[in-house]
Amino acid sequence: MSNRPLYDAIQEKLTVALAPSSLEIIDNSHLHAGHAAMKGLNAKETHFEVRIVSEQFQGKPLVARHQLIYKLLDVELKEKGLHALQIVAKTNQEANK
């Protein structure tokens, strides 16, 4: 069992659903550990940055891309302690510019 269950869940869900050509997940939780909103929480993984390139985003505006990712990670956001998610979501064509 991994000591990064939230990271692993994010990676698995995005990989399975979006078949990304590129996926980078950065755990920024340590940068927010002392913030007031984090006091009293036992969660170690709370803040992530996701940079993803997928053809599943073709024809979708930025808001729809973000909504898709939030929907995929609904359980993590509502039940598993994911507090903040920064997203960069591009198609292959956009990433190659």
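Here is what the cut-offs are and how they apply
- Residues numbered from 1 in each chain as written.
- Predicted model: local features only at pLDDT ≥ 70, side-chain atom pairs only at ≥ 80, totals over all residues.
- Heavy atoms only, no water.
- Helix = DSSP H or I, 4+ residues; strand = E, 2+ residues; numbered from the N terminus.
- Buried < 20%, exposed > 50% of the residue type's maximum accessible area, 1.4 Å probe, protein only.
- Contact = heavy atoms within 4.5 Å.
- Areas by Shrake-Rupley, 256 points an atom, 1.4 Å probe, with all protein chains shown as cover.
- Pairing = 2+ DSSP bridges.
- Axes fitted to C-alpha atoms, helices over the stretch in contact; angles between N-to-C directions.
- Parallel < 35°, antiparallel > 145°, perpendicular 65-115°, else oblique.
- Left-handed = near helix turned anticlockwise from the far one by under 90°.

Caption draft 1: Representation of the overall build of the protein chain in the model. For the protein chain, the helix and strand inventory stands at four helices and three strands. Secondary structure elements of the protein chain occur, N-terminal to C-terminal, as α-β-β-α-α-β-α. The 97 residues of the protein chain split such that 31% are buried. Here the analysis covers contacts within the protein chain between residues at least 6 apart in sequence; of these, 69% occur between residues at least 24 apart. Carbon and sulfur atoms provide 51% of the accessible area of the protein chain, an area that totals close to 6,300 Å².

Caption draft 2: Examining the pairing of strand 2 (residues 47-53) more closely. The element strand 2 is extensively covered by neighbouring structure, given that six of its seven residues are classed as buried. Pairing analysis gives six bridges linking strand 1 (residues 22-27) to strand 2, with the strands arranged antiparallel. Opposite S22, over in strand 2, you have V53 as the bridge partner. Across seven bridges, strand 2 lies against strand 3 (residues 84-90) in parallel orientation. What sits directly across from H47, in strand 3, is A84.

Caption draft 3: The packing of helix 1 (residues 5-18) against helix 2 (residues 62-72), seen in detail. Contact pair helix 1 / helix 2: the axes reach a minimum separation of 10 Å and the direction vectors enclose 125°. Judged on the interaxial angle alone, helix 2 and helix 1 are oblique. Handedness of the helix 1/helix 2 crossing: right-handed. Here K13, L14, A17 and L18 of helix 1 come into contact with helix 2, specifically with L68, I69 and L72.

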